[in-house]
Amino acid sequence: MSAAMIESGLEAAIRAAAKEGRLALVPFLPAGYPDKDRFFEELDQLDQGGADIIEIGVPFSDPVADGPVVEEASLHCLELGVNLGWIFDELAKRKGRYKAPLVLMGYMNPFYQYGFDKIADRAKEAGVAGLVVPDLPLEESFDVRKTLAAGGVDLVSLVGLNTSAERLAEYAAVSSGFVYFVSVLGVTGVRNALPDEMLEHLKMAKQAFDVPLALGFGLKSPEQLVPLKGLVDAAVFGSALIRHIKDGGDSASFMARWK
Amino acid sequence: MKKGYFGDFGGQFVPELLMPPLIELEKACEDIVPGEAFQNTLHELLADYVGRPTPLYLCRNLSKRLGFNLWLKREDLAHTGAHKINNTMGQGLLTKMMGKPCIMAETGAGQHGVATATAAAMLGLDCIVFMGAVDVRRQAHNVRRMELLGSKVVPVESGTRTLKDAINAALRYWIENQRTTHYCFGTAAGPHPFPTLVRNFQSIIGREARQQMMEKVGKLPDYVVACVGGGSNAIGMFHEFIPLDSVRIVGVEAAGTGEPGCYNSAPLNLGSPGVLHGMHTPLLQTEDGQILPSHSISAGLDYPGVGPEHAELHASGRAAYGMANDDQALDACLELTKVEGILPALESSHAVAWVLANKDKIEPGADVAVCLSGRGDKDTFIIEEALAARESKEKRS
């Protein structure tokens, strides 16, 4: 069944931003960061500060696709005792509080141990509309996608600079919600400039997918967004927000910069 | 069966950015490896450079005492002192023939790092090795060897700063440098096609052992035994014997100190299925799916996962997987050294320890072939420390 047949909250949120003539803003914050209480204050600020979708990181001991900033934050949250059970419980208490749909981003193993069927069951009460799983490429994703779809949860695909036209087409056939384009051939948050090669590849990806395209990994300044208008539909911020909070800032002042 | 799977285990759980180099490697495995040019060159290198075939030695003294024949497949006599070189020469040659100028590896104890650095020096490749910062300190001798061989050693400061973190760092480096660099994975684990590729290069161990048994005694061994960390020496020893039903196959995991609830390196015996480093396989983990630190006296077995083909051999019952703890391995190491004049690596000592612990269950006159995967010179410091700790414990009690 084509995912496009189901109304996706994630897709709708990004399309709504487009109607206002802007890129959708998708901040990322690890669950429980900087501590278990303040995390929900930050979540409120992100939601009220104009986030169109909010990505919540699920911590994992071995985050191979993350750079040092996200890894450190993620390990810190693990030490605080953050796990999926806590995340779902706390979000369920706040059901209906956030305008922005929520996406959980994390590695395969914690999701797998919790159970994808259980995630599909609890997603609605927690306001979770999608999952991003960086170590779940196309070949391994089919069963998970089906299980999540039964609970109305999108499995967000990730593609990158080295994803061929053939693979883009294969992803396009199964993708729902939005597609995550990894901006540089590297891990999150360690690069400054947006490579030229990327612009070409973004055009290719934009053509391949019906669902909106989000650009992630490595965005640092609002000026970087200017050449992207028309090429992508949304921008994801991870390391930049964590760094901002670590340096004493809060989510409200962070969001104000990007709006 | 799904591609890249052994039963339920294996797969390719990696970021999409690593799929193109894995697909490229898979293609090279099909197009280059079976070709005459590759096979002839590898055969020559294994014979003249690595020193194959390695001997199959009947322990003259121990066998008398045990009442059955203990054979050692002497991988400790291969160049650089362990079986690791079988894999790195294969992957090094493949790197050359794929047209990549650089080879990259992770290492725990440093044996795979040294073997990769050696292949790189010989084949004219640039080499970079990721090693946990804790291991860099524990294995300073091997770090020095790699540097002398012209490799760059990068200490990894993240996570537990051991082998699993070195693998994480290597995977990250590969994402950025896949165009120029081949990742020479050190064990028969990780994402497809590594478990199959590494097994193919290591299975020469079992092929030789089978032929040598037939030449020496005219029959197959009754048991083949090997230690299992990631499991490359073991799958190399076992693979030839899997279809031969009369041969009992025994892998030996490291039980750590052996105390209840201790950190260990025995995911087949004490772990549960999960996803790490690109594969679905038994892992040491918490209920939440966080990876637990592993422990073994032997750094080479100190890993919280295991190769997926072992997971399937375990699940199907074709192979049995026992355990040996730190003390048993140390005793076996000392015994083999004193009685046979062979100082085995602490990794390989776990396999010997299983045989000694089960000597009453093994039929008199049986032929037991153990893969002696490496030599123990690298471990003399750890052995001394362990003996000193044992002595002070005895004094206290």
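The structure displayed is predicted, hence computed values, not measured ones. (Residues numbered from 1 in each chain as written. Chains lettered and ligands numbered in written order. Predicted model: local features only at pLDDT ≥ 70, side-chain atom pairs only at ≥ 80, totals over all residues. Heavy atoms only, no water.)

Asker: Please explain the interface of chain B and chain A as it appears in this structure.
Answerer: By a widely used convention, the size of an interface equals the accessible area lost when the partners come together. Every contact between the two is made by 36 residues of chain B and, on the other side, 40 residues of chain A. Buried area between chain B and chain A, summed over both chains or domains, comes out near 3,000 Å², and the portion from carbon and sulfur atoms is 50%. On the chain B side of the contact with chain A, Glu16(B), Leu17(B) and Arg172(B) bury the most area, a combined 22% of that side's loss. Summed over the shared surface of chain B and chain A, the number is 4 salt bridges. Notably, a salt bridge pairs Glu71(A) with Arg172(B), separated by 3.2 Å at the nearest N-O pair. The interface formed by chain B and chain A holds 22 residue pairs in polar contact (both at pLDDT 80 or more) in total. Residue contributions to the side of chain B that touches chain A peak at 7 residues, all from helix α8 (residues 163-177) of chain B. (Contact = heavy atoms within 4.5 Å. Buried area = accessible area lost by both parts, 1.4 Å probe. Salt bridge = Lys/Arg side-chain N within 4 Å of Asp/Glu carboxyl O. Polar contact = N/O pair within 3.5 Å; in protein donor to acceptor, adjacent residues only side chain to side chain. Helix = DSSP H or I, 4+ residues; strand = E, 2+ residues; numbered from the N terminus.)

Asker: Quick question: what am I supposed to make of the sheet that holds strand β1 (residues 5-6) of chain B here?
Answerer: Pairing between sheet strands relies on hydrogen bonds along the backbone, with the strands arranged either parallel or antiparallel. Residue and element names in this part refer to chain B. Taken in spatial order, the 4 strands line up as β1-β2-β12-β11 in an open sheet, and their pairing is antiparallel. One side of each edge strand has no neighbouring strand; the edge strands of this open sheet are β1 and β11 (272-276). Alignment of β11 against strand β12 (residues 278-283), held across 5 bridges, turns out to be antiparallel. Looking across to β12, one finds that glycine 274 is bridged to threonine 281. (Pairing = 2+ DSSP bridges.)

Asker: Help me out: how do you make sense of the confidence of the model for chain B in this one?
Answerer: Note that predicted coordinates carrying low pLDDT should not be read in detail. Averaged over all residues, the pLDDT of chain B equals 96, while 100% of them reach at least 70. Model confidence for the complex is summarised by a pTM of 0.95, with the ipTM given as 0.95. (pLDDT = per-residue confidence, 0-100.)

Asker: So what exactly am I meant to see when it comes to the packing of helix α3 (residues 68-79) of chain A against helix α10 (residues 239-246) of chain A here?
Answerer: Between two packed helices, the angle of one axis relative to the other and the distance separating the axes together describe the packing. Residues and elements named next belong to chain A. At a minimum axis distance of 9 Å, the contact between α3 and α10 shows a crossing angle of 60 degrees. Judged by the inter-axis angle, α3 sits oblique to α10. Here α3 runs over α10; the crossing is left-handed. For the pair α3 and α10, the contacting residues are Val69, Val70, Glu72 and Ala73 in the first and Ser239, Ile242, Arg243 and Lys246 in the second. Taken together, the residues of the contact of α3 with α10 break down into 4 nonpolar, 1 polar and 3 charged. (Axes fitted to C-alpha atoms, helices over the stretch in contact; angles between N-to-C directions. Parallel < 35°, antiparallel > 145°, perpendicular 65-115°, else oblique. Left-handed = near helix turned anticlockwise from the far one by under 90°. Nonpolar A, V, L, I, M, F, W, Y, C, P; charged D, E, K, R; others polar.)

Asker: When you look at the domain arrangement of chain B in this model, what are you seeing that I'm missing?
Answerer: All names here are of chain B. On domain assignment, one finds that chain B holds domain 1 (5-46 + 84-198) and domain 2 (51-81 + 203-396). Residue-level contacts link 34 residues of domain 1 with 35 residues of domain 2. At the boundary of domain 1 with domain 2, total buried surface from both sides reaches about 2,800 Å², with 64% on carbon and sulfur atoms. For the pair domain 1 and domain 2, the interface holds 0 salt bridges. (Domains from an automatic or database assignment.)

Asker: When you look at the packing of aromatic side chains in this model, what are you seeing that I'm missing?
Answerer: Considering all chains together, one arrives at 17 aromatic pairs over all chains under this definition. Pairing Phe178(A) with Tyr180(A) gives two aromatic rings, centres 6.5 Å apart and planes at 35 degrees, and the pair type is tilted. Take Tyr180(A): its relative accessible area is 2%, and that puts it in the buried class. Ring pairing ties together the aromatic residues Trp174(B), Tyr183(B), Phe185(B) and Phe194(B), which thus form one cluster. A cation sits over an aromatic face here: Arg94(A) above Phe40(A), 3.6 Å from the ring centre. Cation over ring: Lys118(A) sits above Tyr114(A), and NZ or CZ is 4.2 Å from the ring centre. (Phe/Tyr/Trp six-rings, centres within 6.5 Å; stacked < 30°, edge-to-face > 60°. Buried < 20%, exposed > 50% of the residue type's maximum accessible area, 1.4 Å probe, protein only. Lys NZ or Arg CZ within 6 Å of the ring centre and 35° of its normal.)

Asker: Help me out: how do you make sense of the nonpolar core in this one?
Answerer: In terms of nonpolar packing, the biggest core is built from 157 residues, with Leu91(A), Leu104(A) and Leu131(A) touching the most fellow members. At 8 residues, α8(B) tops the list of elements feeding residues into this core. Each of domain 1 (5-46 + 84-198) and domain 2 (51-81 + 203-396) of chain B contributes no fewer than three residues to this core. Not counting residues within four places of it along the chain, the set of residues in contact with Leu91(A) comprises Phe40(A), Leu43(A), Ile56(A), Tyr98(A), Leu102(A), Glu125(A), Ala126(A) and Val128(A). (Core = buried A, V, L, I, M, F, W, Y, C linked by side-chain atoms within 4.5 Å.)

Asker: Teacher, can you tell me more about helix α4 (residues 84-97) of chain B here?
Answerer: Residues spaced three or four apart along an α-helix point in a common direction, a consequence of the helix completing one turn every 3.6 residues. Residues and elements named next belong to chain B. The end-to-end C-alpha separation of α4 is 20 Å, in line with the 20 Å expected for 14 residues at 1.5 Å each. Judged by how many residues are buried, α4 sits mostly within the fold: 12 of 14 residues are covered. Inspection of α4 places Lys84, Ile85, Asn86, Asn87, Thr88, Met89, Gly90, Gln91, Gly92, Leu93, Leu94 and Thr95 among the buried residues, and these make up the whole buried set. Backbone geometry just downstream of α4 places glycine 99 in the positive-phi region, at approximately 80 degrees. (Expected span 1.5 Å × (residues − 1).)

Asker: Looking at this structure, how should I read the pairing of strand β5 (residues 154-160) of chain A?
Answerer: Residues in a regular strand point their side chains to alternate faces of the sheet. Residues and elements named next belong to chain A. Burial analysis of β5 places 7 of its 7 residues in the buried class, the great majority of the element. Both faces of β5 are covered, namely the face carrying Asp154, Val156, Leu158 and Gly160 and the face carrying Leu155, Ser157 and Val159. Bridge count for strand β4 (residues 128-132) against β5 is 3 bridges, and the pairing is parallel. Across the sheet, the residue bridging to leucine 131 is leucine 155, located in β5. Taken together, β4, helix α7 (residues 138-150) and β5 form a β-α-β motif whose crossover is right-handed. With 4 bridges joining them, β5 and strand β6 (residues 179-182) adopt parallel strand pairing. Within the sheet, the bridge partner assigned to leucine 158 lies in β6 and is tyrosine 180. This β-α-β element, β5 to helix α8 (residues 165-174) to β6, shows right-handed connectivity. (Right-handed = clockwise from strand over helix to strand, strands pointing away.)

Asker: Hey, could you run me through the environment of Lys73(B) in this one?
Answerer: Residues and elements named next belong to chain B. Inspection of the secondary structure puts lysine 73 in strand β4 (residues 69-74). With 299 residues separating them in the primary sequence, lysine 73 and leucine 372 have C-alpha atoms 5.5 Å apart. A distance of 3.0 Å separates a polar atom in the side chain of lysine 73 from a polar atom in the side chain of glutamine 212.

Asker: Before we go on, may I ask you to explain the side chain of Glu208(B) in this structure?
Answerer: Residue and element names in this part refer to chain B. Secondary-structure assignment places glutamate 208 in helix α10 (residues 204-217). On the accessibility criterion, glutamate 208 (10% relative accessible area) is buried. Only 3.2 Å separates the side chain of glutamate 208 from the backbone nitrogen of threonine 54, close enough to count as a polar contact. Filtering out sequence-adjacent residues up to four positions away, glutamate 208 remains in contact with Arg52, Pro53, Thr54 and Lys73.

Asker: Before we go on, may I ask you to explain the state of the cysteines in this structure?
Answerer: Two cysteines, two sulfur atoms, one covalent bond between them: this is a disulfide. Residue and element names in this part refer to chain B. Applying the stated criterion across every chain, the model contains 0 disulfides over all chains. Of all cysteine sulfurs in the structure, the one in cysteine 127 sits closest to cysteine 102, which takes part in no disulfide; the separation is 9.3 Å. Given the relative accessible area of 17%, cysteine 102 is considered buried. This cysteine, cysteine 333, is not joined by any disulfide, and cysteine 227 carries the nearest cysteine sulfur, 12 Å off. (Disulfide = S-S within 2.5 Å.)

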